[in-house]
Amino acid sequence: MDSTAGFEPHRTHLMGVAYRMLGGWADAEDAVQEAWLRYSAADPGGIDDTRAWLTTVTARICLDLLRSARVRREAYVGPWLPEPVVSRLPGPGGPAGFAPDPVDAATRTDEISYALLVVMERLTPEQRVAFVLHDIFAFPFDEIAAVLGSTDAATRQLASRARRALAAHDVPHRPADRAEQRRVVAAFVAAAEAGDLDGLLAVLAPGAVAIGDGGGVAPAGRRPIVGALPVARFFIGLLRRASRQATTVLAEPVLVNGDLGLLIEMRSAEGESLHLTMAFAVADGRITGIFDQLNPAKLARVPALTAERALPR
């Protein structure tokens, strides 16, 4: 069989695996391309299960990339956040004629929230590979051990430590349902627009955190903002500054990695614009995390804002 025909049915799956391991779409594409090159050079007669073989190869490539990425990210300016995968709301909430692309399909398969991706950055490369392969894609531990060059027992320990690390940050594997997300995000937006401090405190969890990634290019805080009161004051202050500077803030509800978020554009009176995505972690009816991606390099795949809705000031 032609190697392309044997590979292509698995491309979306492999992109999903690589994206969850690496947190960036360009890196994921590089990993999958390298997997294709290795597959095209392999003897097809020696491959019993093509998907399993390709997943194993992709995971090994990602493991090497993760190990080198830890060094690169130590020099990153400010907090590092994953590249968001943004799609428009389906049905009446989205523009007519919108068709999801393969990026969306890869993200929807075995969905993982943006908040969980953020916390996964705290894992070691080995823990992340073990967690993604076992807990998300249900790979058996003996096959994961082969990827890691480890034993079954050690691999189980890696996955267990990963779960404990993630549980310590109160990020559920499955996000809140869409109805709860809509209610909570709408309450946050309404309170922020009105400058209602009490309203924001009511919708933010006591330990809520806000993190912005500007990559040293776009304006973003160099450290996370922790606590409901500091987070509430930050967003009220942000909109007040926008008002004083005659900045128009446009917002469109979108899906960020499958969960409700916002696509925002801030337009200054001088004609300058700033784009960002906002992802939310919602648990028990409150926002536990807000993740602002402002780095232009990580927004290249984000669709243009179409809903011309200005936030009132």
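Since the model is a prediction, treat every value here as computed from it, not as a measurement.

> Tell me about empty space enclosed by the protein, and please be specific about residues and values.
Going through the model one piece at a time under the given rule, you end up with two cavities of 30 Å³ or more. Considering only enclosed or pocket space, the second largest cavity measures out at about 30 Å³ in volume. In terms of lining residues, the second largest cavity is bounded by Tyr114, Ala115, Val256, Asp259, Leu260, Ala279 and Phe280. Of all the secondary structure elements, the ones that give two or more residues to the lining of the second largest cavity are helix 6 (114–120), strand 5 (259–267) and strand 6 (273–283). Among the residues making up the lining of the second largest cavity, the classes are represented as six nonpolar, no polar and one charged.

> Got a sec to walk through the confidence of the model for the protein? Specific residues and values, please.
Residues shown with low pLDDT carry predicted positions that ought not to be read at fine detail. For the protein, mean pLDDT is 86; residues scoring 70 or higher make up 88% of the total. Mean pLDDT values for the elements of the protein range from 46 in helix 5 (residues 102–108) up to 97 in helix 11 (residues 197–203).

> How would you summarise helix 2 (residues 11–22) if you had to cite specific residues and measurements?
If you check helix 2, its first and last C-alpha atoms are 16 Å apart, about what 12 residues at 1.5 Å a residue would give, namely 16 Å. The buried count for helix 2 comes to 10 of 12 residues, which makes it a mostly enclosed element. Turning to helix 2, its buried residues are His13, Leu14, Met15, Gly16, Val17, Ala18, Tyr19, Arg20, Met21 and Leu22. Just past helix 2, the residue Gly23 takes up positive phi, approximately 75°.

> Talk me through the sheet that holds strand 1 (residues 86–88); I want residue IDs and the actual numbers.
One open sheet accounts for seven strands, arranged 1-4-5-6-7-2-3; its pairing is mixed. Each end of this open sheet is capped by a strand with a single partner; those strands are strand 1 and strand 3 (225–226). Against the sheet, helix 12 (residues 228–244) engages strand 2 (204–213), strand 3, strand 4 (248–256), strand 5, strand 6 and strand 7 (286–293), with an angle of about 50° to strand 2.

> Please provide a residue-by-residue account of the packing of helix 2 against helix 3 (residues 25–41), values included.
One can describe the packing of helix 2 onto helix 3 by two numbers: an axis separation of 8 Å at closest approach and a directional angle of 130°. It follows that helix 2 is oblique to helix 3 by the angle criterion. Crossing of helix 2 over helix 3 shows right-handed handedness. Along its contact with helix 2, which presents Arg11, Leu14, Met15, Ala18, Tyr19 and Leu22, the element helix 3 presents Trp25, Asp27, Ala28, Glu29, Ala31 and Val32.

> So what's going on with the nonpolar core? Residues and values would help.
One broad rule of soluble globular proteins: the nonpolar side chains tend to lie buried together. Membership of the largest hydrophobic core comes to 46 residues, with the highest contact counts inside it found for Met21, Met120, Val129 and Leu133. Residue assignment for this core shows that the elements contributing at least two residues are helix 2, helix 3, helix 4 (50–74), helix 6, helix 7 (125–136), helix 8 (141–148) and helix 9 (152–167). If sequence neighbours within four positions are ignored, Val129 has contacts with Met21, Ala59, Leu63, Leu66, Val147 and Leu148. Counting 35 residues, the second-largest nonpolar core is a separate cluster that includes Leu255, Ile264, Met266 and Leu276.

> Which residues make up the pairing of strand 7, and what are the values?
Taken across its eight residues, strand 7 has six buried, putting it largely inside the fold. Sheet topology places strand 2 next to strand 7; six bridges connect them, and they run parallel. Bridge pairing in strand 7 links Ile211 to Phe291. Strand direction decides the pairing type here: strand 6 and strand 7, joined by seven bridges, are antiparallel.

> Which residues make up the packing of aromatic side chains, and what values do they have?
Applying the stated criterion to the full structure yields eight aromatic pairs. Aromatic side chains Phe188 and Phe280 sit 5.6 Å apart centroid to centroid with 65° between the ring planes, which places their arrangement in the edge-to-face category. Of this pair, Phe188 sits in helix 10 (residues 178–194) while Phe280 sits in strand 6, placing them 92 residues apart in sequence. Side by side, Phe188 and Phe280 carry an identical accessibility label, which is buried. Taken together, the ring pairs connect Phe7, Trp36, Tyr39 and Trp53 into an aromatic cluster.

> Describe the pairing of strand 5, listing the residues and the values that go with them.
Taking burial as the measure, the nine residues of strand 5 include eight buried ones, the bulk of the element. Pairing between strand 4 and strand 5: nine bridges, direction antiparallel. Residue pairing in the sheet places Leu250 in a bridge with Glu265 of strand 5. The turn linking strand 4 back onto strand 5 is made up of two residues, and Asn257 within it adopts a positive phi angle of 55°. Relative to strand 6, strand 5 is paired through seven bridges, and the arrangement is antiparallel. Its bridge partner being in strand 6, Ile264 is matched across the sheet by Leu276.

Cut-offs applied
Residues numbered from 1 in each chain as written. Predicted model: local features only at pLDDT ≥ 70, side-chain atom pairs only at ≥ 80, totals over all residues. Heavy atoms only, no water. 1 Å grid on protein atoms, 1.4 Å probe; cavity = no way out; pocket = protein on both sides within 12 Å on 5 of 7 lines; lining within 4 Å. Points joined across faces, edges and corners; volume = space filled by probe spheres on them. Helix = DSSP H or I, 4+ residues; strand = E, 2+ residues; numbered from the N terminus. Nonpolar A, V, L, I, M, F, W, Y, C, P; charged D, E, K, R; others polar. pLDDT = per-residue confidence, 0-100. Expected span 1.5 Å × (residues − 1). Buried < 20%, exposed > 50% of the residue type's maximum accessible area, 1.4 Å probe, protein only. Pairing = 2+ DSSP bridges. Contact = heavy atoms within 4.5 Å. Axes fitted to C-alpha atoms, helices over the stretch in contact; angles between N-to-C directions. Parallel < 35°, antiparallel > 145°, perpendicular 65-115°, else oblique. Left-handed = near helix turned anticlockwise from the far one by under 90°. Core = buried A, V, L, I, M, F, W, Y, C linked by side-chain atoms within 4.5 Å. Phe/Tyr/Trp six-rings, centres within 6.5 Å; stacked < 30°, edge-to-face > 60°.

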